[in-house]
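Observations on chain architecture
What follows is the residue order along each chain.
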Amino acid sequence: MFNYVESSKVADFTKKISLANKKPLIIIEPKGFSFNSLKELWLYRELCYFFVWRDLVVRYRQTFLGVLWALLQPFLTMLILNITLGNIVNLPGSKISPTIFFYTGLIFWTFFSNSVNNASHSLVNERALITKVYFPRATLINAKVLANLVDLAFSLVILFFIGLFSKFFISWKLFLLPVVFFLLMCFTFSISILLASLNVIYRDVRFALPFIIQALFFTTPVIFPINMVSEKYRWLLMLNPLVGIIEGFRASLFDYTINLSLFFYTIISTIVVFFFCFAVFVKLEKIFAERV
């Protein structure tokens, strides 16, 4: 009787295994680049908000000044540049003071450099999460960029008060500001996902990144107007979309002529860079869990 009961249990267990094997096995893996990849980021937006909140809390935890550090970095750099280069730089218009000229470039540059630096290491630093749970990996990178958007917002508040004394020029060009901010976000996200994905495969990125950031700083009109560069080499600078973004930002606020050809070129190049970088990211995403 004992052997019969045990045999029945074994038969039932074998039957359950057989039924379980007939259930469909769902495997989630990244597909090729498509607009569904972008749609998936929107579907996981609540997770992105959680990552943003976590980054902000961790960044300013146990700091004496807290969020004020987001204001001090570009503000103190502006003061140093104003003292050292204020009388040297030939500004594109007499109505623009060196103080406001430097600051308008620095707040965009600070946002870009901090976002790229933080996002490029995001996948490697979240190794445990990536190998255990499925979610769009680009959410981690997007969260790093959006977290720095909070710092940019505080810097823009300071810019507003500085502008009260510098007399912003009110014109139709103010309508270009949303386009400029969109281009800044798009280009920053593009470079971030490209470097983050390459950093998973080639750890040399973390050594090359400081040089890349430094080279971009000196080829972007942050502390100098583009008219200081010889026309013979100016086209080389224009290959960098940040040139058109920062120039468009200044032209939207102040009374000097906007280079429409440069602005339209910046729009096109930023869109091309975005799709290229995102396509590279989606292609490499399949092996992130193995290589991270």
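Throughout, residues of each chain are indexed from 1 in the direction in which the sequence is written. It should be noted that, the model being predicted, local features are given only for residues of pLDDT at least 70 and side-chain atom pairs only at 80 or more, the latter also being counted only at that level, while totals for whole chains, interfaces and linings use all residues. Only heavy atoms go into the side-chain values, all of them from the structure, while hydrogens and water stay out.

1. Examining the overall build of the protein chain
Numbering of helices and strands runs from the N terminus, with a helix taken as a DSSP run of H or I at least four residues long and a strand as a DSSP run of E at least two residues long. Summing up its helical and strand segments, the protein chain has 14 helices and zero strands in all. In sequence order, the secondary structure elements of the protein chain are arranged as α-α-α-α-α-α-α-α-α-α-α-α-α-α. Accessibility here uses a 1.4 Å probe with only protein chains present; expressed as a share of the type maximum, an area under 20% marks a residue as buried, one over 50% as exposed, and anything in between as partly exposed. Taken over 292 residues, the protein chain has a buried fraction of 44%. When checking whether two residues touch, look at their non-hydrogen atoms; a contact exists if any pair is within 4.5 Å. Taking the intrachain contacts of the protein chain between residues at least 6 apart in sequence as the baseline, contacts between residues at least 24 apart amount to 82%. All accessibility values rest on the Shrake-Rupley procedure with a 1.4 Å probe; residue burial counts only the protein chains present in the view. Total accessible area on the protein chain stands at roughly 17,000 Å², and carbon and sulfur atoms take up 68% of it.

2. Digging into a nonpolar patch on the surface
Taken together, the side chains of Val157, Phe160, Phe161, Leu164 and Phe165 make up a nonpolar region of the molecular surface, amounting to roughly 590 Å² of accessible area. Assignment of secondary structure puts phenylalanine 165 in helix H8 (residues 138-166). Any residue with relative accessible area above 30% and no salt bridge may belong to a patch, with like charges joined within 9 Å and the nonpolar Val, Leu, Ile, Met, Phe, Trp and Tyr side chains within 5 Å. Salt bridges are counted wherever a side-chain nitrogen of Lys or Arg sits within 4 Å of a carboxyl oxygen of Asp or Glu.

3. With respect to the pattern of salt bridges
Under the definition given, this model contains four salt bridges. For aspartate 55, the salt bridge goes to arginine 54, with nearest N and O atoms at 3.6 Å. Of the charged contacts, one joins arginine 250 and glutamate 247 as a salt bridge, the two residues approaching to 3.9 Å between their closest N and O atoms. Taken together, the residues arginine 250 and glutamate 247, both in helix H12 (residues 241-253) and three residues apart, mark about one turn of the helix. Arginine 250 sits in the buried class, given a relative accessible area of 0%. Overlapping salt bridges bring together Arg54, Asp55, Glu126 and Lys144 as one network.

4. What to know about the nonpolar core
Residues belong to one nonpolar core when they are buried, are Ala, Val, Leu, Ile, Met, Phe, Trp, Tyr or Cys, and are joined through side-chain atoms within 4.5 Å. One finds Phe108, Ile245 and Phe249 to be the most contacted residues of the largest nonpolar core, which totals 48 residues. Every element with two or more residues in this core is listed here: helix H4 (68-85), helix H5 (98-120), H8, helix H9 (177-201), helix H10 (205-218), H12 and helix H13 (260-284). Among the elements that line this core, the one with the most residues is H5, at eleven residues. Those residues in contact with phenylalanine 249, other than ones at most four positions away along the chain, are Thr104, Ile107, Phe108, Leu156, Leu159, Leu177, Val180 and Phe181. Membership of the second largest hydrophobic core comes to 32 residues, among which are Leu56, Ile141, Ile193 and Val200.

5. Some words on the side chain of aspartate 151
Secondary-structure assignment places aspartate 151 in helix H8. Not counting residues within four places of it along the chain, the set of residues in contact with aspartate 151 comprises Arg59, Tyr60 and Ala70.

6. Quick look at the side chain of threonine 139
Looking at the secondary structure, you find threonine 139 in helix H8. Residue class for threonine 139 comes out buried when judged on its relative accessible area of 2%. Discounting chain neighbours no more than four positions away, the residues touching threonine 139 are Leu41, Tyr44, Leu47, Cys48 and Phe51.

7. Digging into H4
Take the number of residues in a helix, subtract one, and multiply by 1.5 Å to get its expected span. Spanning 18 residues, H4 covers 25 Å between terminal C-alpha atoms, matching the ideal 26 Å at 1.5 Å per step. The set of residues buried in H4 consists of Ala70, Leu71, Pro74, Met78 and Leu81. Summarising the axial view, the buried residues of H4 lie within an arc of 115°, below the 170-degree limit, and thus occupy one face. Exposed side chains of H4 directed beyond 90 degrees from the buried face belong to Ile80 and Ile83. What the arc covers is the set of directions going from the helix axis to the C-beta atoms.

8. Here we look at the environment of phenylalanine 249
Mapped onto the elements of the fold, phenylalanine 249 is located in helix H12. The class for phenylalanine 249 is buried, based on a relative accessible area of 2%. Sequence separation between phenylalanine 249 and glycine 105 is 144 residues; the distance between their C-alpha atoms is 8.6 Å.

9. A word on the confidence of the model for the protein chain
Per-chain confidence: the protein chain averages 79 in pLDDT, with 79% of residues scoring 70 or above. In the predicted structure, residues 1-7 sits below a pLDDT of 50 and forms zero contacts with residues beyond four places in sequence or in another chain. Confidence scores per residue from the predictor, reported as pLDDT, run from 0 to 100.

10. Quick look at the environment of asparagine 142
With respect to the helices, strands and loops of the structure, asparagine 142 is situated in helix H8. Residue asparagine 142 is classed as partly exposed on the basis of its relative accessible area of 21%. Expressed as a C-alpha distance, the spacing of asparagine 142 and valine 52, which sit 90 residues apart in the sequence, is 8.7 Å.

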